[in-house]
Amino acid sequence: MGCLGNIIWFLFGGLFQGLSWSFYGILWCITIIGIPIGIQCFKFASLAFFPFGKEVQYNGGGVSTIANIIWILVSGIPLAISAALNGLLLCCTIIGIPFGKQCFKIAKLALTPFGAVIVQTSF
């Protein structure tokens, strides 16, 4: 299911969400201070392009919390809203529910990306 799901996902929503993460990564990398945040965006763009077979584990500390607060105020809200709306649209059909769940996973990640690690669960 992972490979087929990723192909269907990429064609019907993943391309847009991955490009959104990449766009914010480019914006953050324009500034010198924002380069670490931009690198995080590019890392999570790979998840947005192909989310099936990957899970996100959250573990952070004080620095992650501060970075997440800054992130939410600057970039997190638009990414989370677009992923959540896409998830709601996909969940309108029974076939779209697995894809909607992936959108909600990405929406949660869009709110708190720092301290999050992407783990491969299957090939």
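Residues numbered from 1 in each chain as written. Predicted model: local features only at pLDDT ≥ 70, side-chain atom pairs only at ≥ 80, totals over all residues. Heavy atoms only, no water.

## Considering the overall build of the protein chain
Okay, so step 1: Check the secondary structure of the protein chain and you find 4 helices and 2 strands.
Okay, so step 2: By the compact-globule yardstick of 14 Å for 123 residues, the protein chain fits well, its C-alpha radius of gyration being 14 Å.
Okay, so step 3: Dimensions of the protein chain, computed from the C-alpha atoms along their principal axes, are close to 40 × 25 × 20 Å.
Okay, so step 4: Taken over 123 residues, the protein chain has a buried fraction of 44%. (Helix = DSSP H or I, 4+ residues; strand = E, 2+ residues; numbered from the N terminus. Rg over C-alpha atoms; globule rule 2.2 N^0.38 Å. Buried < 20%, exposed > 50% of the residue type's maximum accessible area, 1.4 Å probe, protein only.)

## Here we look at the environment of P36
Okay, so step 1: Relative to the assigned elements, P36 resides in helix α2 (residues 35-49).
Okay, so step 2: As a C-alpha pair, P36 and K54 span 18 residues in sequence and 22 Å in three-dimensional space.

## Thoughts on the packing of helix α1 (residues 2-30) against helix α4 (residues 97-111)
Okay, so step 1: As a packed pair, α1 and α4 sit with axes 11 Å apart at the nearest point and diverge in direction by 25 degrees. Here α4 runs roughly parallel to α1, going by the angle between their axes. The way α1 lies across α4 gives a crossing that is right-handed. Touching G5, I8, W9, Q17 and W21 of α1 are F99, Q102, C103, I106, L109 and A110, all from α4.
Okay, so step 2: When grouped by side-chain class, the residues that make up the contact of α1 with α4 number 8 nonpolar, 3 polar and no charged. (Axes fitted to C-alpha atoms, helices over the stretch in contact; angles between N-to-C directions. Parallel < 35°, antiparallel > 145°, perpendicular 65-115°, else oblique. Left-handed = near helix turned anticlockwise from the far one by under 90°. Contact = heavy atoms within 4.5 Å. Nonpolar A, V, L, I, M, F, W, Y, C, P; charged D, E, K, R; others polar.)

## Description of a nonpolar patch on the surface
Okay, so step 1: Where nonpolar side chains cluster on the molecular surface, the patch consists of I77, I81, L85, L88, F104 and L111 and spans about 520 Å² of accessible area.
Okay, so step 2: When residues of the nonpolar patch are traced back to their parent elements, those giving at least two are α3 (62-90) and α4.
Okay, so step 3: Among the elements that make up the nonpolar patch, the one with the highest residue count is α3 (4 residues).
Okay, so step 4: Within the element layout of this structure, F104 appears in helix α4.
Okay, so step 5: Judged by its relative accessible area of 33%, F104 falls in the partly exposed class. (Patch = residues over 30% accessible without salt bridge, like charges linked within 9 Å, V, L, I, M, F, W, Y side chains within 5 Å. Areas by Shrake-Rupley, 256 points an atom, 1.4 Å probe, with all protein chains shown as cover. Salt bridge = Lys/Arg side-chain N within 4 Å of Asp/Glu carboxyl O.)

## Quick notes on the packing of aromatic side chains
Okay, so step 1: Taken as a whole and judged by the stated rule, the model has 9 aromatic pairs.
Okay, so step 2: Taken together, a centroid distance of 5.6 Å and an interplanar angle of 75 degrees make the contact between F23 and Y24 edge-to-face.
Okay, so step 3: On the basis of relative accessible area, F23 is assigned to the partly exposed category, the value being 48%.
Okay, so step 4: Ring plane angle 45 degrees and centroid distance 6.5 Å describe the contact between F49 and F50, whose orientation is recorded as tilted.
Okay, so step 5: Given the relative accessible area of 37%, F50 is considered partly exposed. (Phe/Tyr/Trp six-rings, centres within 6.5 Å; stacked < 30°, edge-to-face > 60°.)

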